[in-house]
Amino acid sequence: MYKSFELSESQTYDVDLFHKELGPLGRGRLSFGAEKMPQVTFRMTSPAKSLTENQKLHLVQAKTENGRCFSLFECEYLSHTLLSSYLIDGDVPTSEFRHIHARYDEVSAWFFQWQRIDGEVGEKLEWSEELVPLVARIQEGREQFSVKSEYYGTLSGSGEDRTLHQHIQFAFERTNGLFKLRDLKSKTLLLSSLLSILIGHPVSLVSLDIGTPQGRRHAAYFPSAKRAEVDLQQASVLRYLLAKRNIEERWQTIFERYYRSSFRKLSWMRLAGMKRFSGFWEHKALAYVSLLDRYVTQLAESVNGSLKIEAHTAKLITFDEKIRELSNPLTAAQIDEVSAIAETVFEQERGLTFVEKYEIALRHTDSDISKIINLSDEDFRLVKRMRDKIAHGDDVEIQQNEFQKINTIVARLALLLTYWAFLDIGLTNDDFTMCLRRTHHRLRFDAELDQVHLARVTQTAEFFAVSEAKLQSLIAKPVPRVSACFVQGENGGLEFSEKYTNAYRDWQADRTREPGVFSHSSIFGVPEGVVRTISEAYIESANDRLALLQVFVFDEAALSAAHKGDSVT
């Protein structure tokens, strides 16, 4: 009976080995799981029969005493050990498959990020938000296949407890042929890399199954990356970089762009791999600068058509000027002939430098995004100098004040590369800025973004322009940074209101009020519609600004009308 298993589980079995043509090969111990390559270690009392050192076999069957069979594919015999690249649980005579089913960590929680269960226990429970599946059809060369997400849920009970388990798997189906062994690794790795870039966390395989052309399903295994340790009970629901519900209608475009991307193999898959890096800070910085170099090199070549530029050097220009100043002047024809010879001798072209390629990439980057990410020229020069010294084996010589900036600069590099990846797979500037605005992903905070410009671009805060003198007077009052009250005139000007600010403070301090939601009328004693609440606001002049949270703005005209009405009454 088919049963899946987790790739992280270490498993061992005593087995007898058989080959279709060579017959029995001997007895040994099969071990696999937990990132370990499937292998059978032969017992000294039962040496491998008919095998020679470095001998390769496409398929070997490993059978336990109770009749369980494992199919070992792409095997090689080395030093009393049979190593295998792929293992399938079951007697599977072929290495071609109709389906591949992959389950990943992190992804289920991402899919269920905004899903809630509403209702009353004992009466009726239902999910608050419909789960929209991922569905895409892909053509890569002559190969055609589909990818779709599948929901799995179980409800179990023990005594008074009921436990709901649910997770997401992805089904790959070949539509014009069959998958090969190599597809087990390549297809699942490509998908995990894409998902890792979208959610901003390492995505690892949990389990893997194959479906044969005859419709039978078997668990499969190959060594894959270790699962990252995450305490999902303590993790924020906003920990993911991009919310799935923001791209649910665009999966087909995303997959098409991702599979066609010329940057996928050398840039985006490596970027995804860096999500699980946890080593020495120098290595991390070097890796991200190298990724940046790889991307800007490829982009510059695609934009310019070449990585070469004309090199009419200052020396060549000076030479041309000097031959015109000879004490025995040359004729115009001689000058042209000598200049032509010089041009063939001196270098005509040179390769673009890293700095020049980076500048090309920045010219093709939205200026608002560059300002938000806040990677300055000084930041770039610092990490480039560090990369050059590491590459040449020199002492990095980072100053203490520079060392403190490295983590911030590396986070900015990671975000800039992620932005370019987003655009390459069909997402937009708005997708990127809104996910930065709404996420609690650590990159947002490590990069020390220009939060003010981010709020301005995403229109998630209000900005009020005032004179420098007005701003300094507000700062001097001082205006509370939280829950300040202002009266706004017809011309848009703001005046700080101590009266209403104190009224709000008194209301907050009132211990006799009952809990619940309160109206502006009950807090300030004004009619509804007179005051509006702004969650985030900036009062700014040309050179400075005052950042405020939960601001109450009273409409002066509506306030006056309300007071007149009170007087008439």
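Definitions and limits used
Counting from 1, residues in each chain are numbered in the order their sequence is written. Local features in this predicted model are restricted to residues whose pLDDT is 70 or higher, and side-chain atom pairs enter the listing and the counts only when it is 80 or higher, whereas totals over whole chains, interfaces and linings include all residues. Excluding hydrogens and water, the side-chain values take into account all heavy atoms of the structure. Every helix listed is a DSSP run of H or I at least four residues long, and every strand listed is a run of E at least two residues long, numbered separately from the N terminus. Following DSSP output, two strands are said to pair if at least two bridges run between them. The buried label applies to any residue whose accessible area, calculated with a 1.4 Å probe on protein chains only, is under 20% of its type's maximum; exposed applies above 50%, and partly exposed to all values in between. Within 3.5 Å is the distance limit for a polar contact, defined as a pair of N or O atoms, with the added protein rule that one can donate a hydrogen and the other accept it, and that residues adjacent in sequence qualify only through two side-chain atoms. Like charges are joined within 9 Å and nonpolar side chains (Val, Leu, Ile, Met, Phe, Trp, Tyr) within 5 Å, but only among residues with over 30% relative accessible area and no salt bridge; these make up the patches. Using the Shrake-Rupley algorithm and a 1.4 Å probe, accessible areas are obtained, with residue cover drawn only from the displayed protein chains. Note on definitions: salt bridges are taken to be side-chain nitrogens of Lys or Arg within 4 Å of carboxyl oxygens of Asp or Glu. Working definition of a nonpolar core: buried Ala, Val, Leu, Ile, Met, Phe, Trp, Tyr and Cys residues. They are joined through side-chain atoms within 4.5 Å. Should any heavy atoms of two residues lie within 4.5 Å, those residues are counted as being in contact. Note on ring pairs: Phe, Tyr and Trp rings are taken, using the six-membered ring of Trp, and paired if centres are within 6.5 Å. Classes follow the plane angle, with under 30 degrees stacked, over 60 edge-to-face and the rest tilted. Helix axes are fitted to C-alpha atoms over the stretch in contact, other axes to C-alpha atoms as well, and angles between N-to-C directions run from 0 to 180 degrees. For classification purposes, an angle smaller than 35 degrees is called roughly parallel, one larger than 145 roughly antiparallel, one from 65 to 115 roughly perpendicular, and anything else oblique. Helix crossings get a hand from a simple test, with the near helix turned counterclockwise from the far one by less than a right angle marking a left-handed crossing and a clockwise turn marking a right-handed one. Polar here means any residue other than Ala, Val, Leu, Ile, Met, Phe, Trp, Tyr, Cys and Pro, which are nonpolar, and Asp, Glu, Lys and Arg, which are charged; Gly is therefore polar.

K.L.:
Talk me through unusual backbone geometry; I want residue IDs and the actual numbers.
P.N.:
The omega torsion of the bond from Lys 477 to Pro 478 falls at -10°, within 30 degrees of zero and hence cis. Tracing the chain through its elements places Pro 478 in the loop between helix 15 (468–476) and strand 18 (485–488). Positive phi, close to 70°, is recorded for Glu 106, a residue that is not glycine. Considering the arrangement of structural elements, one finds Glu 106 in the loop between strand 7 (99–104) and helix 1 (107–111).

K.L.:
So, the pairing of strand 11 (residues 143–158): which residues are in play, and what are the values?
P.N.:
With six bridges connecting them, strand 10 (residues 135–140) and strand 11 associate as antiparallel partners. By the bridge assignment for strand 11, Glu 140 is matched with Glu 143. Here strand 10 folds back onto strand 11, and the loop between the two strands holds two residues, one of which, Gly 141, carries a positive phi near 65°. Here strand 11 pairs with strand 12 (residues 161–174) via 14 bridges, running antiparallel. Bridge assignment links Val 147 to a residue of strand 12, and that residue is Phe 172. Where strand 11 hands over to strand 12, the hairpin turn is made up of two residues, of which Gly 159 adopts a positive phi near 65°.

K.L.:
Give me the lowdown on the side chain of His 19, citing residues and values where you can.
P.N.:
Within the secondary structure layout, His 19 lies in strand 1 (residues 11–19). A relative accessible area of 14% means that His 19 is categorised as buried. Within polar-contact distance, the side chain of His 19 engages the backbone nitrogen of Glu 21 at 3.1 Å.

K.L.:
Got a sec to walk through a nonpolar patch on the surface? Specific residues and values, please.
P.N.:
Judged by side-chain polarity, Ile 117, Val 121, Leu 125, Trp 127, Tyr 151, Leu 155 and Leu 164 come together as a nonpolar surface patch covering roughly 730 Å² of accessible area. Accessibility expressed as a relative area gives 38% for Leu 164, which makes it partly exposed.

K.L.:
Please provide a residue-by-residue account of the nonpolar core, values included.
P.N.:
Within the largest apolar cluster, 118 residues are counted, with the highest numbers of intra-cluster contacts made by Leu 17, Tyr 104, Phe 170, Phe 172, Leu 198, Phe 255 and Trp 420. Tallying contributions element by element places helix 11 (residues 400–424) first for this core, with 13 residues. Apart from the residues lying within four places of it in its own chain, the contact partners of Phe 170 are Ile 100, His 101, Ala 102, Tyr 104, Val 107, Phe 111, Leu 134, Val 147, Lys 148, Ser 149, Leu 191 and Leu 195. Counting residues in each nonpolar core, the second largest holds 16 residues, with Val 466, Leu 474, Ile 539 and Leu 548 among its members.

K.L.:
Report on the environment of Leu 57, specifying residues and quantitative values.
P.N.:
The topology assignment puts Leu 57 in strand 4 (residues 56–63). A sequence separation of 388 residues divides Leu 57 from Phe 445, and the C-alpha atoms of the two residues are 52 Å apart. What Leu 57 contacts, discounting residues up to four positions off in sequence, is His 19, Leu 22, Leu 25, Leu 51, Glu 74 and Cys 75.

K.L.:
Let's hear about the packing of aromatic side chains: which residues, and what values?
P.N.:
Taken as a whole and judged by the stated rule, the model has 35 aromatic pairs. Relative to Tyr 259, the ring of Phe 145 has its centre 5.8 Å away and its plane inclined at 70°; by these criteria the two rings are edge-to-face. Of the two residues, Phe 145 sits in strand 11 while Tyr 259 sits in helix 3 (residues 251–260), which places them 114 residues apart along the sequence. Note on accessibility: Phe 145 and Tyr 259 belong to one class, buried. On the basis of an interplanar angle of 15° and a centroid distance of 6.4 Å, the ring pair of Phe 255 and Tyr 259 is categorised as stacked. Of this pair, Phe 255 and Tyr 259 both sit in helix 3, four residues apart, roughly one helical turn.

K.L.:
Can you lay out helix 14 (residues 451–458) for me, pointing to particular residues and giving the numbers?
P.N.:
Within helix 14, burial applies to Val 452, His 453, Leu 454, Ala 455 and Thr 458. Those residues of helix 14 that are buried are in contact with helix 9 (367–373), helix 12 (429–438), strand 17 (462–465), strand 20 (531–540) and strand 21 (545–555). Count one or two residues on from helix 14 and you reach Gln 459, which has phi positive near 55°.

K.L.:
Before we move on, can you summarise the packing of helix 11 against helix 12 with the specific residues and values?
P.N.:
At a minimum axis separation of 9 Å, helix 11 and helix 12 run at an interaxial angle of 140°. Accordingly, the angle class assigned to the pair helix 11 and helix 12 is oblique. As helix 11 packs across helix 12, the resulting crossing turns out to be right-handed. The residues of helix 12 that touch helix 11, namely those facing Leu 415, Thr 418, Tyr 419, Phe 422 and Leu 423, are Asn 429, Phe 432, Cys 435 and Leu 436. Broken down by class, the residue content of the contact of helix 11 with helix 12 amounts to seven nonpolar, two polar and no charged.

K.L.:
Can you explain the pattern of salt bridges? Please cite residues and give values.
P.N.:
Inspection of the entire model under this criterion finds 30 salt bridges. The partner of Arg 27 in a salt bridge is Asp 16, and the shortest N-O contact between them spans 2.9 Å. With a gap of eleven residues between them, Arg 27 in strand 2 (residues 23–33) and Asp 16 in strand 1 connect regions that are remote in the sequence. Between Arg 387 and Asp 388 there is a salt bridge whose closest N-O contact spans 3.1 Å. Because the salt bridges share partners, they merge into one network encompassing Asp 293, Lys 357, Lys 384, Arg 387 and Asp 388.

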